[in-house]
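These are the residues of each chain, in order.
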Number of protein chains: 2
Amino acid sequence: MITPKMKQLVAGGSVIRAMFEEGRIMAEKFGAENVYDFSLGNPNTPPPAAVKEAIFDILENEPEMMVHGYMSNVGYEDVRKAMADNINRKQGTSYTARNIIMTVGAAGALNVVMKTIIEPGDEVLLQAPFFGEYLNYISNFDGKAVIVSPEYTNFSINFPELEQKITPKTKAMILNTPNNPTGAIYSEQDIIRLCDILRAKQKEYGHAIYLISDEPYREIVFGGQNVPYLPCYYENAFVGYSYSKTLSLPGERIGYIVAPDSLEDFEGTVAALSVANRILGFVNAPSLMQRVVARLGDISSDMTIYQENKKELYEALTSYGYEMVEPQGAFYMFPKAPGGDDKAFCEAAKEERILVVPGSTFAGPGYFRLAFCVSRQTVQNALPGFKRLAEKYHLKD
Amino acid sequence: MITPKMKQLVAGGSVIRAMFEEGRIMAEKFGAENVYDFSLGNPNTPPPAAVKEAIFDILENEPEMMVHGYMSNVGYEDVRKAMADNINRKQGTSYTARNIIMTVGAAGALNVVMKTIIEPGDEVLLQAPFFGEYLNYISNFDGKAVIVSPEYTNFSINFPELEQKITPKTKAMILNTPNNPTGAIYSEQDIIRLCDILRAKQKEYGHAIYLISDEPYREIVFGGQNVPYLPCYYENAFVGYSYSKTLSLPGERIGYIVAPDSLEDFEGTVAALSVANRILGFVNAPSLMQRVVARLGDISSDMTIYQENKKELYEALTSYGYEMVEPQGAFYMFPKAPGGDDKAFCEAAKEERILVVPGSTFAGPGYFRLAFCVSRQTVQNALPGFKRLAEKYHLKD
């Protein structure tokens, strides 16, 4: 008697999560060191020592009833102020605590925003390839995902198709930069162009079209590129942020929403976000972790390993004949699947004990995603397997 | 452009949460010690020392990448096994890790269960008075709450009305024992009678009717009463549990679902619960807190204060002329509102700087809820105000 919708979701499953489980089983069978699991965005670099120090210090010095107790559904006021101050320093914004809603990770943040703005039948634009969970976050509220097909030369925004697909029912667009699964960063030029289009359409249709920026990878940038901060370019923008990657705390579920003053009906929107956070069952972001991230400011995990992994993998794989757009950020690359059939290639990779995810999971069929948030060892030990796969598929012929 | 549904919810607000905010403001104005805030179920007794010790020990001795990292969406296997073992010891059940899904508190648990079983239009029975958030958890999935009016003599189950209100669309009933807001514990006799009725209706209608037991107060029992464990009486039962009250960790959002093997389509249901936990945006229960509660077993906060508060308040208030059913558990009492108009009474109480919540918030108009999870001092200092209110309303005339 589970709902037909859930039955379908269970049958479809999450390819990534299934691989995570499969990876665990393979690791038990062959030994963890003999399985090269590039399937999940689970950071391999430890949290900075400051996380542990902050926890110890909070537990020793802050009143425990406050540290573990209820607070306003939007989070502790001082924590929200710390988040606002930190963003202001980096983005030149002038946020205060009232612009910040602490959430159960970025996944929580996106669901809270969706609950607030999406009515059944509302359309939400997704630029492919994209993180497949967005489909569920939209469907949770009976919204309709409208997929813009990839712009294959550099995985930027496919403007001609995007413009065609905006309708009077378009309520929002989710943008993920740096991007999972491609590692692309949308350029300032593209962001300005996108915002101009959305602004014109808002005017034409007489209602708000929201830009929702999902930014868990904001701090992971390889070439010093600028990652434009969307609220600086567009009035009706939300930002969803997570500490999962920056502080290597994905299990702790801690993040926030930025709701700028420029939002249509700002007061009403923030009140609604607070209610949504409560009634969806989050209630509030985990309290101790709120207090931890507030203390950490710009401290982050040592993310040089992602840069090193990217460099080695990009150089080796392209030298073997794999074709790909060089990632600019995040910890993913999205090469063309040898042979063209992404699912078949990912199956073939398993024979080399390499776990990678078919691009179709990200609305990018014909490609595969490689999450390189793994140890240097895993990268190096996996290379011979990637080479054999390249030979098998005659990539150099 | 927030949705009309959200606009309504914002306008309606949470009376309890609004009072929490009001209490903060009053505390700033009059000094915290001069405001008697009985509005929120925020435990006043500190977490046991073992919580802090467990956190320190975990951070010193368990691998930090595991402690803060992703795990299966249902939670760490060893944590789930610890939960199962603990329940088995107390309830004589034979659960294993596969019967446990770790969740973001009981609110998360209930939403995950709703997502799994509720289709639009499905009816969910609620025995009034009940925790008002259930209405939102049902409405999140376009279910329809069907309210059974209170059985006023002892706030047990109103069987004649319940039987009338079961229809072919009835999919579930949420039961909360010990009860918020009444402090009632449903007797074994009543549970057996309820299960017989539901079982007969399942047969008649040819589909599962689920009993969902919301049990955050299971450990808070005053007279040594037995709190029947629903899965021992009914096949299609879920339990939602939270450590918010037992360990005084309401801000940390840690709890679990029990899904017994006896559920219809057990395997499919557990798979669906896991997917629901992921796609609703919880992803997984906060990881460090999972590891903490797994270590604590039966350790709990010192809850004798609730017993003492209850005794003093019950004796004093009844001596002043307030009428109420004596609470058997949880940390709430639900007296008749002097004058009959609960909202008016709660406003009048504010003049005594006493914050209590109107019964209508719990589908129990004409009553008020008093959350006595406060300090002994607060209880004692509030008594003169309660006495003056009693005199004002001529309760003894």
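Each chain carries its own residue numbering, running from 1 in the written order of its sequence. Written order decides the labels, with chains lettered from A and ligands numbered from 1. Given that the model is predicted, a residue must reach a pLDDT of at least 70 before its local features are reported, and side-chain atom pairs must reach 80 or more before they are shown or counted; all residues, however, enter totals for whole chains, interfaces and linings. Side-chain numbers here rest on the full set of heavy atoms in the structure, without hydrogens or water.

### Quick notes on the sheet that holds strand β5 (residues 170–176) of chain A
All names here are of chain A. How we decide: Here, strands pair whenever DSSP counts at least two bridges between them. Runs of H or I in DSSP of at least four residues are treated as helices and runs of E of at least two as strands, each being numbered from the N terminus. Axis definition: a line fitted to C-alpha atoms, limited for helices to the stretch in contact. Angles are taken between N-to-C directions and run from 0 to 180 degrees. What makes two residues a contact is simply this: any of their non-hydrogen atoms within 4.5 Å.
Read from one edge to the other, the open sheet built from 7 strands follows the order β2-β8-β7-β6-β5-β3-β4, with strand pairing classed as mixed. Edge positions in the sheet fall to β2 (100–103) and β4 (144–148), since each has one partner strand and no second. Taking the axes of each pair of neighbouring strands and ignoring which way they run, one obtains an average angle of 20 degrees across the sheet. Relative to strand β8 (residues 255–258), β2 runs antiparallel, the two sharing 4 bridges. Following the sheet pairing, I100 is matched in β8 by V258. Sitting on the sheet, helix α5 (residues 77–91) touches β2 and β8, and the angle it makes with β2 is about 115 degrees.

### So, the relation of the copies chain A and chain B
The relation between the two copies of this chain is a rotation about an axis and a shift parallel to it. As a reminder, the rule being used: Superposition of the copies was done by least squares, using only C-alpha atoms of residues whose pLDDT is at least 70 in both.
Rotating chain A by 180 degrees and translating it 0.0 Å along the rotation axis places it on chain B, where the RMSD comes to 0.0 Å. Both copies are brought into coincidence by an operation consistent with a two-fold rotation axis. Most of the interface of chain A is mirrored in chain B, where 100% of its interface residues again form contacts.

### Here's the deal with the state of the cysteines
The condition is simple: Pairs of cysteine sulfur atoms within 2.5 Å are identified as disulfides in what follows.
Tallied over the full model, the rule gives 0 disulfides over all chains. Residue C346 of chain A stays outside any disulfide, its sulfur separated by 16 Å from that of C373 of chain A, the closest cysteine.

### Notes on the pattern of salt bridges
This is how it is decided: We define a salt bridge as a side-chain nitrogen of Lys or Arg found within 4 Å of a carboxyl oxygen belonging to Asp or Glu. Burial classes: relative accessible area under 20% of the type maximum marks a residue as buried, over 50% as exposed, and values in between as partly exposed (1.4 Å probe, protein chains only).
A full pass over the atoms with the stated rule returns 58 salt bridges over all chains. For the salt bridge of K165 of chain A with E161 of chain A, the shortest nitrogen-to-oxygen distance reads 2.8 Å. A residue pair is termed a helical-turn pair when its members lie 3 or 4 positions apart in one helix, as K165 of chain A and E161 of chain A do in helix α8 (residues 159–165) at 4 residues. Owing to a relative accessible area of 17%, E161 of chain A belongs among the buried residues under this scheme. For E347 of chain B, the salt bridge is made with K350 of chain B, and the minimal N-O distance between the two is 2.8 Å. In this pair, E347 of chain B and K350 of chain B both sit in helix α13 (residues 342–351), 3 residues apart, roughly one turn of the helix. The class for E347 of chain B is partly exposed, based on a relative accessible area of 46%.

### Re the interface of chain A and chain B
To be explicit about the condition: Note on terms: buried area is the combined drop in 1.4 Å-probe accessible area of two parts once they are placed together, counting the loss on both. Polar contacts, as used here, are pairs of N or O atoms within 3.5 Å; protein pairs need one atom able to donate a hydrogen and one able to accept it. Residues neighboring in sequence count only if both atoms are side-chain atoms. Polarity classes work like this: nonpolar for Ala, Val, Leu, Ile, Met, Phe, Trp, Tyr, Cys and Pro, charged for Asp, Glu, Lys and Arg, and polar for all others, with Gly in that last group.
Between chain A and chain B, the residue contacts involve 81 residues of the former and 81 residues of the latter. Taken over both partners, the interface formed by chain A and chain B buries close to 6,600 Å², and the fraction arising from carbon and sulfur atoms is 58%. Counting the contacts that link chain A with chain B gives 4 salt bridges. Note that E60 of chain A and K52 of chain B form a salt bridge whose closest N and O atoms lie 3.5 Å from each other. Summed over the shared surface of chain A and chain B, the number is 32 residue pairs in polar contact (both at pLDDT 80 or more). Of all the secondary-structure elements, those providing two or more residues to the side of chain A that touches chain B are α1 (4–12), α2 (15–30), α3 (49–61), α4 (64–67), α6 (105–117), α7 (133–139), α10 (266–279) and α11 (287–296) of chain A. Per-element accounting of the side of chain A that touches chain B gives the leading share, 8 residues, to α10 of chain A. Residues of the side of chain A that touches chain B, tallied by class, amount to 40 nonpolar, 23 polar and 18 charged.

### A word on helix α5 (residues 77–91) of chain B
Residue and element names in this part refer to chain B. Our working definition: Given a helix with a known number of residues, its expected span is that number minus one, times 1.5 Å.
The terminal C-alpha atoms of α5, which comprises 15 residues, lie 21 Å apart, in line with the 21 Å expected from a rise of 1.5 Å per residue. Those residues of α5 that are buried are in contact with β2 (100–103), β8 (255–258) and α11 (287–296). Once α5 finishes, G92 follows within two positions and takes phi at roughly 70 degrees, a positive value.

### Here we look at the nonpolar core
Quick reminder of the rule: The criterion is simple. A nonpolar core is a set of buried Ala, Val, Leu, Ile, Met, Phe, Trp, Tyr and Cys residues joined through side-chain atoms within 4.5 Å.
Judged by nonpolar contacts, the single largest core of 102 residues is most densely connected at I212 and F238 of chain A together with I212 and F238 of chain B. Formed by 64 residues, the second largest nonpolar core is a distinct cluster that contains V67 of chain A together with A50, I58 and V239 of chain B.

### Overview of the environment of L355 of chain B
Tracing the chain through its elements places L355 of chain B in strand β10 (residues 354–355). A sequence separation of 320 residues divides L355 of chain B from V35 of chain B, and the C-alpha atoms of the two residues are 7.9 Å apart.

### Concerning the packing of helix α6 (residues 105–117) of chain B against helix α10 (residues 266–279) of chain B
Residue and element names in this part refer to chain B. Put simply, the rule reads: Each angle receives one of four descriptions, namely roughly parallel if under 35 degrees, roughly antiparallel if over 145, roughly perpendicular if within 65 to 115, and oblique otherwise. Definitions for this section: a left-handed crossing has its near helix turned counterclockwise from the far helix by less than a right angle. A right-handed crossing has that turn clockwise.
At their nearest, the axes of α6 and α10 sit 9 Å apart, and the two run at 120 degrees to each other. As the angle between them shows, α6 and α10 are arranged oblique. Every pair of crossing elements has a handedness; the one defined by α6 and α10 is right-handed. Mapping the contact onto sequence places V112, V113, K115 and T116 in α6 and T269, A272, L273, A276, N277 and I279 in α10. Here the contact of α6 with α10 is composed, by residue class, of 6 nonpolar, 3 polar and 1 charged.

### Brief notes about the sheet that holds strand β11 (residues 357–358) of chain B
All names here are of chain B. Reading across the sheet, the 3 strands line up as β9-β12-β11 and stay open at both edges, with antiparallel pairing between neighbours. Each edge of the sheet is formed by a strand with only one pairing partner; in this case those strands are β9 (332–333) and β11. Relative to strand β12 (residues 368–371), β11 is paired through 2 bridges, and the arrangement is antiparallel. Note that in β12 the partner of V357 across the bridge is R369.

### Let's talk about the side chain of N158 of chain B
Residues and elements named next belong to chain B. Structurally, N158 is set in the loop between β4 (144–148) and α8 (159–165). Here S149 takes part through its backbone oxygen, which lies 3.0 Å from a polar atom of the side chain of N158. Apart from the residues within four sequence positions on either side, N158 is in contact with Q127, V148, S149, P150 and E151.

### As for the environment of S156 of chain A
All names here are of chain A. Tracing the backbone through its elements, the reader meets S156 in the loop between β4 and α8. Remark: the alpha-carbon pair of S156 and D190, spanning 34 residues in sequence, is separated by 7.9 Å. Each residue touching S156, except ones within four places of it in the same chain, is listed here: Q127, E151, Y186 and D190. Side chain to side chain, S156 and E151 meet in a polar contact 3.1 Å long. Looking at S156, its side chain comes within polar contact range of the side chain of N154, at 2.9 Å.

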